[in-house]
Amino acid sequence: MAILVIAEHDNATLNDATRAVVTAAKAIGGDVHVLVAGKDAGAVAEAASKLDGVAKVLHAEGDALEKKLAEAMETLVLSIADGYDAILAAASTTGKNFMPRVAAKLDVMQISEITAVEAPDTFERPIYAGNAMMTVKSNDAKKVITVRPTTFEKVGDGGSAAVETLDVPAPAASSEFVGEELSKSDRPELTAAKIVISGGRGMGNGENFAILEKVADKLGAAMGASRAAVDAGFVPNDWQVGQTGKVVAPELYIAVGISGAIQHLAGMKDSKVIVAINKDEEAPIFSVADYGLVADLFTAVPEFEAELEKAGV
Amino acid sequence: MKILVPVKRVVDYNVKVRVKPDQTGVDLANVKMSMNPFCEIAVEEAIRLKEQGAAEEIVVVSIGPAQAQETIRTALAMGADRGIHVTTDDAVESLAVAKILAKVVEEESPELVILGKQAIDGDVNATGQMLAALLGWPQATFAYKLDKTDAGFTVTREIDGGLQTVAISSPAIVTTDLRLNEPRYASLPNIMKAKRKPIDAKTPADFGIDTAPRLEVLKVAEPAKREAGIKVESAAELVDKLKNEAGVL
């Protein structure tokens, strides 16, 4: 049995999500190969070859692969799909974009965003925004799976797999990358950060997020937000934590002025330690928080920052 | 331009679903059902394209039980022109939905199919992409902004790191994200008018599509519960607990 893992990366560095997907692949069992599709992504292929438990790396280079356009990824993955019993990618916006195309062409029903591998053909996945967990057994000969990276351990280094170069077929349809606006930040990436501090509607406006940023700077934390704060235009959409945004599971999650709608909880309830600061003691966020502080955030957050300073953090 | 908008009837997004005690699924008895919110955004976007003069006709299609007709009527009341109801009482997986939709596309020849990025029941996020692959069409998923161009469409998409813009040729598939638009409410006169708009009745068998599921549901369970912790009295106590009890600072 051989399993193909499609690497998540930005052509320069291998995203840690790939390490979680390799863990899921190892749980299914079999030889794990990693496909690195990109442009000038040699360093990524090299990093992938060092992953613990990876037997082979396949490296494909092409203009349309630079941004992993779905139409190009479809034909590339299909060109090697015959050799694999399962094809896995992270449930990122990239993986979610191209994997169903691969599944449809293979006449396979995709198993989306798995959170556990119960058996080589049986997986657990959240439905209804995480309000229920479904266990499904796939009757398809080949499995096409996206993996929720936060629920799997990340493999370390230790391998020394050979890197093979792949031919790149023409894309399935005409699609062209025009441009992108990526949020620039010196802070860690939201889904990879060890500490996340998020603000909600209670922040009142975008300027007020400055008090959270001071804490984030002190803790080396990533910034997040609830859907209410994003919809109100306080902060950019890629800060959104929740079922329709990003799913995070840091060591410490600090929710400030967030009531704790079920959609938000779905995106952060696997965090190791949850702190909630909210003036409404009835807020549902307190039902999942390890430490709750019922207080006005505009006095509590600066106090918290000062106490961190005092504690030498 | 003709636009096809597939819509799905799902548990209303305000309802907190309950898992059945025998773990065979979630309890749907007497639960409020509505159009999937992402599908509403798709209907709204199609109507806006028509209002701008970029589209002439909007056809809505839904695959589901008899009551899915209400979901089609909702879309017609918002401003779609006619409906197609593919009646089935079975749960139909994304792959089979995409296969049925591919047949509908063959018959209707739309230049654009707009769908929600995912349905909030199964959270699979695959139908639009699967349809695009089956048709050999380009796609723009998780749309944040959609513009018609001479050759096709320019679509700005919500991606993990921010926003990405792609140009795709026509015909194409677009799936909607939350911030593409804010769907309108249907006015009473339009609700009355929608009752006279035509809805074609079909079945999956009419299209020769086998809807037998590929995934066997073994169990549907409550998610692991997280216990509430303690309330602290001050920021100082909070820092002390995080540092000395939780050890995360």
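Residues numbered from 1 in each chain as written. Chains lettered and ligands numbered in written order. Predicted model: local features only at pLDDT ≥ 70, side-chain atom pairs only at ≥ 80, totals over all residues. Heavy atoms only, no water.

(A) Representation of the overall build of chain B in the model. Across its full length, chain B holds six helices and 13 strands. Each principal axis of the C-alpha atoms in chain B carries an extent, and together these give about 65 × 45 × 40 Å. When burial is assessed residue by residue, chain B has 54% of its 249 residues classed as buried. Taking the contacts inside chain B whose residues are at least 6 apart along the sequence as the reference set, 70% of them involve residues at least 24 apart. Looking at chain B as shown, the accessible area adds up to about 10,800 Å², and 48% of this sits on carbon and sulfur atoms. On chain B, the mean spot of the 31 positive side-chain charges and the mean spot of the 36 negative ones are 2 Å from each other. (Helix = DSSP H or I, 4+ residues; strand = E, 2+ residues; numbered from the N terminus. Buried < 20%, exposed > 50% of the residue type's maximum accessible area, 1.4 Å probe, protein only. Contact = heavy atoms within 4.5 Å. Areas by Shrake-Rupley, 256 points an atom, 1.4 Å probe, with all protein chains shown as cover. Lys, Arg positive; Asp, Glu negative; His and termini not counted. Charge placed at Lys NZ, Arg CZ, Asp CG, Glu CD.)

(B) Inspection of unusual backbone geometry at higher detail. Residues Ser170 of chain B and Pro171 of chain B are joined by a peptide bond in cis, for which omega reads 0°. With respect to the element layout, Pro171 of chain B can be found in the loop between strand E9 (162-169) and strand E10 (172-176). Although it is not a glycine, Asp107 of chain A sits at a positive phi angle of roughly 60°. Tracing the backbone shows Asp107 of chain A in the loop between helix H4 (93-105) and strand E5 (111-114). Overall, Asp107 of chain A belongs to the partly exposed group, its relative accessible area being 34%. The phi torsion at Gln23 of chain B lies on the positive side, around 60°, for a residue other than glycine. Within the element layout of this structure, Gln23 of chain B appears in the loop between strand E2 (9-11) and strand E3 (33-35). Among the residues examined, Gln23 of chain B registers a relative accessible area of 33% and is labelled partly exposed.

(C) Expanded view of the sheet that holds strand E11 (residues 175-182) of chain A. With respect to topology, 10 strands assemble into an open sheet ordered E11(A)-E9(B)-E8(B)-E7(B)-E10(B)-E6(B)-E1(B)-E4(B)-E5(B)-E11(B), the strand pairing being mixed. The open sheet has two edge strands with one neighbour each: E11 of chain A together with strand E11 (199-202) of chain B. The average undirected angle you get between the axes of adjacent strands in this sheet is 30°. Across five bridges, strand E7 (residues 139-148) of chain B lies against strand E8 (residues 152-159) of chain B in antiparallel orientation. Across the sheet, residue Lys148 of chain B finds its bridge partner in E8 of chain B, namely Phe153 of chain B. Together, strand E6 (112-116), E7 and E10 of chain B form the strand contacts of helix H4 (residues 127-135) of chain B, whose direction differs from that of E10 of chain B by roughly 175°. (Pairing = 2+ DSSP bridges. Axes fitted to C-alpha atoms, helices over the stretch in contact; angles between N-to-C directions.)

(D) How the structure looks around the pairing of strand E16 (residues 291-294) of chain A. When strand E15 (residues 273-278) of chain A meets E16 of chain A, the two strands line up parallel, connected through four bridges. If you follow Val275 of chain A over to E16 of chain A, its bridge partner there is Tyr291 of chain A. Pairing analysis gives three bridges linking E16 of chain A to strand E13 (residues 230-232) of chain B, with the strands arranged parallel. Bridge assignment links Gly292 of chain A to a residue of E13 of chain B, and that residue is Lys231 of chain B.

(E) Helix H1 (residues 37-51) of chain B, seen in detail. Residues and elements named next belong to chain B. Its 15 residues place the ends of H1 21 Å apart at the C-alpha level, agreeing with the 21 Å of an ideal helix rising 1.5 Å per residue. Where burial is concerned, most of H1 is hidden: 11 out of the 15 residues are buried. All buried positions along H1 are accounted for by Pro37, Phe38, Cys39, Ile41, Ala42, Val43, Glu44, Glu45, Ala46, Ile47 and Leu49. (Expected span 1.5 Å × (residues − 1).)

(F) Structural detail: the packing of aromatic side chains. For the coordinates displayed, the defined rule picks out two aromatic pairs over all chains. One aromatic cluster in this structure is built from Phe209, Phe234 and Trp239 of chain A. One cation-aromatic arrangement involves Lys148 of chain B over Phe153 of chain B; the distance from NZ or CZ to the ring centre is 5.2 Å. Sitting above the plane of the Phe286 of chain A ring, Lys231 of chain B keeps its charged end 4.7 Å from the centroid. (Phe/Tyr/Trp six-rings, centres within 6.5 Å; stacked < 30°, edge-to-face > 60°. Lys NZ or Arg CZ within 6 Å of the ring centre and 35° of its normal.)

(G) Representation of the nonpolar core. Ile6, Leu35 and Leu88 of chain A are the most contacted members of the largest nonpolar core, which has 99 residues in total. A per-element tally of this core places helix H3 (residues 94-108) of chain B first, with nine residues. Once residues lying within four places of it in the same chain are set aside, the contact partners of Ile6 of chain A are Leu35, Met73, Val77, Ile87, Leu88, Ala89, Phe98 and Met99 of chain A. Among the nonpolar cores identified, the runner-up in size contains 41 residues, and Ile47, Leu49, Val60 and Ala119 of chain B belong to it. (Core = buried A, V, L, I, M, F, W, Y, C linked by side-chain atoms within 4.5 Å.)

(H) Region of interest: the pattern of salt bridges. Considering all chains together, one arrives at 38 salt bridges over all chains under this definition. Of the charged contacts in the structure, one is a salt bridge between Asp52 of chain A and Lys26 of chain A, with a shortest N-O distance of 3.8 Å. In this pair, Asp52 of chain A is assigned in the loop between helix H2 (42-49) and strand E3 (54-61) and Lys26 of chain A in helix H1 (residues 17-28), connecting sequence segments 26 residues apart. When the shortest N-O distance is used, the salt bridge between Arg184 of chain B and Glu51 of chain B registers 2.8 Å. Taken together, the positions of Arg184 of chain B in the loop between E10 and helix H5 (188-194) and Glu51 of chain B in helix H1 put the pair 133 residues apart, joining distant regions of the chain. Looking at Glu51 of chain B, the relative accessible area reads 54%, which means it is exposed. (Salt bridge = Lys/Arg side-chain N within 4 Å of Asp/Glu carboxyl O.)

(I) Expanded view of the environment of Ile159 of chain B. One can find Ile159 of chain B in strand E8. Along the backbone, Ile159 of chain B and Tyr144 of chain B are 15 residues apart, and their C-alpha atoms lie at a distance of 9.8 Å. With residues near it in sequence (within four places) discarded, Ile159 of chain B still touches Thr93, Glu180, Leu182 and Asp238 of chain A together with Gln164 of chain B.

(J) Molecular detail of the interface of chain B and chain A. Taken together, the contact between chain B and chain A spans 76 residues of the former and 89 residues of the latter. Between chain B and chain A, the buried area comes to about 6,800 Å², and carbon and sulfur atoms account for 57% of it. At the surface where chain B touches chain A, the tally comes to five salt bridges. Taking the shortest distance from any N to any O, the salt bridge between Asp107 of chain A and Arg214 of chain B comes out at 3.1 Å. Where chain B meets chain A, there are 41 residue pairs in polar contact (both at pLDDT 80 or more). Of all the secondary-structure elements, those providing two or more residues to the side of chain B that touches chain A are H3, H4, E7, E8, E9, strand E12 (215-221), E13 and helix H6 (235-246) of chain B. Per element, the largest residue contribution to the side of chain B that touches chain A is nine residues, and it comes from H6 of chain B. Bridging between strand E8 (residues 132-138) of chain A and E12 of chain B involves six bridges; their strand directions are antiparallel. Across the sheet, the residue bridging to Val136 of chain A is Val217 of chain B, located in E12 of chain B. (Buried area = accessible area lost by both parts, 1.4 Å probe. Polar contact = N/O pair within 3.5 Å; in protein donor to acceptor, adjacent residues only side chain to side chain.)

(K) The side chain of Arg148 of chain A, seen in detail. Tracing the sequence through the fold places Arg148 of chain A in the loop between strand E9 (143-147) and strand E10 (162-165). Here Arg148 of chain A is in contact with Ala91, Glu113, Ile114, Thr115, Pro126, Gln243, Val247 and Ala266 of chain A, once residues within four sequence places are set aside.

Geometric values such as these leave the question of function open.
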